[in-house]
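# Commentary on secondary and tertiary structure
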Amino acid sequence: MTSGLFPRERAVVAPGAVHVPGWLPAARQRELVEACRDWARGPVPLRHTRLPRGGVMSVQTVCVGWHWQPYRYTRTADDVNGARVAGFPDWLVELGREALAGAYGDDAAGRAAAEAYAPDTALVNFYDGDAKMGMHQDKDERSGAPVVSLSIGDTCVFRFGNTEGRGRPYTDVELGSGDLFVFGGASRFAYHGVPKVYPGTADPALGLTGRLNLTLRETGLPG
Ligand SMILES: O=C(O)CCC(=O)C(=O)O
Ligand SMILES: [Fe+2]
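Nothing here was measured: the structure is a model prediction, and the numbers come from that model. (Residues numbered from 1 in each chain as written. Chains lettered and ligands numbered in written order. Predicted model: local features only at pLDDT ≥ 70, side-chain atom pairs only at ≥ 80, totals over all residues. Heavy atoms only, no water.)

### Observations concerning unusual backbone geometry
Defined as follows: Helix and strand assignments follow DSSP, with helices taken as H or I runs no shorter than four residues and strands as E runs no shorter than two, numbered in order from the N terminus.
Here the bond from Pro70 into Tyr71 is cis, since omega is 5°, no more than 30 degrees from zero. Counting through the fold element by element, Tyr71 comes out in the loop between strand S5 (67-69) and strand S6 (72-74). In this structure, the amide linkage connecting Arg168 to the following residue, Pro169, adopts the cis form with an omega of 0°. Within the secondary structure layout, Pro169 lies in the loop between strand S10 (156-160) and strand S11 (171-175).

Listed below in structure tokens is the structure:
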């Protein structure tokens, strides 16, 4: 891992893909951890998502607003317990808009996109032990609106690639606690994944063992 000697700076990783280190203050990280704990208690529990070919994801996931299962969104968690997922709270819409403004807000078009942003689903991923995520596109949404990704807890390697395939060229970015990563525009359908998490790197004051990642998205689905 890189040293903490120099502050990490906002970086445009690819057109439309922006990394803002340390965007979420510690107090709000703790609030978000609590919110994730609540969502993981139900109505739908955290689960290892089953893939159509029989594989099981090492990450554990719970969804808010709409439930994602490979490869569609539904209101009920039909591959888990059939329950309707928790509603998408207004404060999370607001957090998504603030995040977009944080990443894109240095020009008028970016500020307009932030105001118009209306995320209606969040995938909450929990990485413990050796959990990782293979290269994939987020492409089950019918909206081209950006994906807002917030990381809390252990640092990971986030691999951000290209729209053509899983391979190179890609850029490996370390995502630490509080980091924001937004991918939209020309990067909206870029392949990305998490090849490695560094266990035990979270600040103990956070009260979380492992890594949480929230991705906020617009499904583009009606009501
Ligand atoms: O954990 C991450 O940083 C990425 C999560 C992700 O790509 C996803 O949920 O689709
Ligand atoms: Fe993804």
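### Topic: the layout of surface pockets
Gaps between atoms show up when a probe of the same size as a water molecule is rolled over them. The condition is simple: Any residue with an atom within 4 Å of a point lines the site, the site being either a cavity, points on a 1 Å grid over the protein atoms alone where a 1.4 Å probe fits but cannot get out, or a pocket, an open set with protein on both sides within 12 Å along at least 5 of 7 lines. Grid points are joined across faces, edges and corners, and a volume is the space filled by probe spheres set on the points. Gly is placed with the polar residues, together with every amino acid not listed as nonpolar (Ala, Val, Leu, Ile, Met, Phe, Trp, Tyr, Cys and Pro) or charged (Asp, Glu, Lys and Arg).
Size it by volume and the largest pocket reaches roughly 620 Å³. Contributing to the lining of the largest pocket are 31 residues, with Met57, Trp68, Met133, His136 and Gln137 lying nearest its centre. Counting only elements with at least two residues in the lining of the largest pocket, the list comes to strand S4 (56-64), strand S7 (121-127), strand S8 (133-136), strand S13 (192-197) and strand S14 (211-217). Here the residues of the lining of the largest pocket sort into twelve nonpolar, twelve polar and seven charged.

### Looking at the coordination of the iron ion (ligand 2)
What counts here: Donor atoms (N, O, S) are those found within 2.8 Å of the metal centre, with the cutoff raised to 3.2 Å for Na, K and Ca; water is not part of the atom list, so apparent gaps in a site can occur. Each residue gets one of three labels from its accessible area relative to the maximum for its type: buried under 20%, exposed over 50%, partly exposed in between, using a 1.4 Å probe on protein chains only.
At this site the iron ion (ligand 2) is bound by His136 (NE2), Asp138 (OD) and His192 (NE2), with donor distances of 2.1 Å. On the primary sequence, the residues serving as donors to the iron ion (ligand 2) are separated as H-x1-D-x53-H. Of this pair, His136 sits in strand S8 while His192 sits in strand S13, and the two are 56 residues apart along the sequence. The class for His192 is buried, based on a relative accessible area of 5%.

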